[in-house]
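# Architecture and fold: a report
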Amino acid sequence: MDSLQPASLYINDVDCIARDVHGAVTGIADVRVTHMLYADDLSLTANEPDQLQMVLDRLSAYALRKGLIVKTSKSEVVHFNSRRTRVPVFTLGGSQLANKYSFKYLGMIFTKTHNMDAAAEHMLTPFMAGCRRIRQFALEHRLTYRPHSMLWLAKGHALPASIDASQLWGTRYMKQGAEMDCPLQTVHMCLLQGILGVMRTTPNWSVLRECGQ
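What comes next concerns the included structure.

Parameters at a glance
- Residues numbered from 1 in each chain as written.
- Predicted model: local features only at pLDDT ≥ 70, side-chain atom pairs only at ≥ 80, totals over all residues.
- Heavy atoms only, no water.
- Axes fitted to C-alpha atoms, helices over the stretch in contact; angles between N-to-C directions.
- Helix = DSSP H or I, 4+ residues; strand = E, 2+ residues; numbered from the N terminus.
- Parallel < 35°, antiparallel > 145°, perpendicular 65-115°, else oblique.
- Left-handed = near helix turned anticlockwise from the far one by under 90°.
- Contact = heavy atoms within 4.5 Å.
- Nonpolar A, V, L, I, M, F, W, Y, C, P; charged D, E, K, R; others polar.
- Buried < 20%, exposed > 50% of the residue type's maximum accessible area, 1.4 Å probe, protein only.
- Expected span 1.5 Å × (residues − 1).

At their nearest, the axes of helix α4 (residues 147-157) and helix α7 (residues 183-196) sit 9 Å apart, and the two run at 160° to each other. It follows from the interaxial angle that α4 and α7 lie roughly antiparallel. Our pair here, α4 against α7, has a crossing hand that is right-handed. The residues of α7 that touch α4, namely those facing Pro 147, Met 150, Leu 151 and Ala 154, are Leu 191, Leu 192 and Ile 195. Each residue belonging to the contact of α4 with α7 can be placed in one class, and the counts come to seven nonpolar, no polar and no charged.

With that settled, consider the side chain of Thr 111. Along the chain, Thr 111 falls in strand β12 (residues 108-111). Thr 111 sits in the buried class, given a relative accessible area of 5%.

Turning to helix α3 (residues 124-140), a few remarks are in order. Here α3 spans 24 Å end to end across 17 residues, near enough to the 24 Å set by a 1.5 Å rise per residue. Listed as buried for α3 are Leu 124, Phe 127, Ala 129, Gly 130, Cys 131, Ile 134 and Ala 138. Packed against the buried residues of α3 are α2 (116-122), α4, α5 (159-162) and α7. Among the residues trailing α3, Arg 142 stands out with phi positive, at a value near 55°.

Interpretation note: all reported values are geometric properties and have no functional meaning in isolation.
Below is the structure:
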């Protein structure tokens, strides 16, 4: 993943670096993904090492032409589903890129084994921190026994921290009967049950309905 500094409004044509490149395969026949771009966060994907190195070389030339700097210290390589001890080495602008077990893109953790549970667990820390801030604020302003105020605070300060793409991509949680297995959902339910003042044995769907979620 490459971080382009400074952020530029003139990188909309960055697609040119992936022209005629064979990107990574997807679950749809004849559809390949060469790169993902959001603001200045760029992720390059390919199945063949030579194809990825080609895009990296083009990126280096592109950044030079645009007057941008690619921070190689923040650029990492993850070999998905690779069991080899020796993996290809990739370079960018003459600098060797580090091989990692996982990397973070747009706040989501991607592991080489596609472990979506790890992505959800990664979001637990900011979510629980948001819950603590809400409880502290409620104590200071005597809002603990005002569930409507507590729910409003939760929607504004805790739930945004729990938004995580793994809840959509981690299809294991989308199966009937497994909706509540996500660790994020478990903590979320504890927060709502505490706000309502109900027992932990209260059915989850009833709690969600009472909270309008």
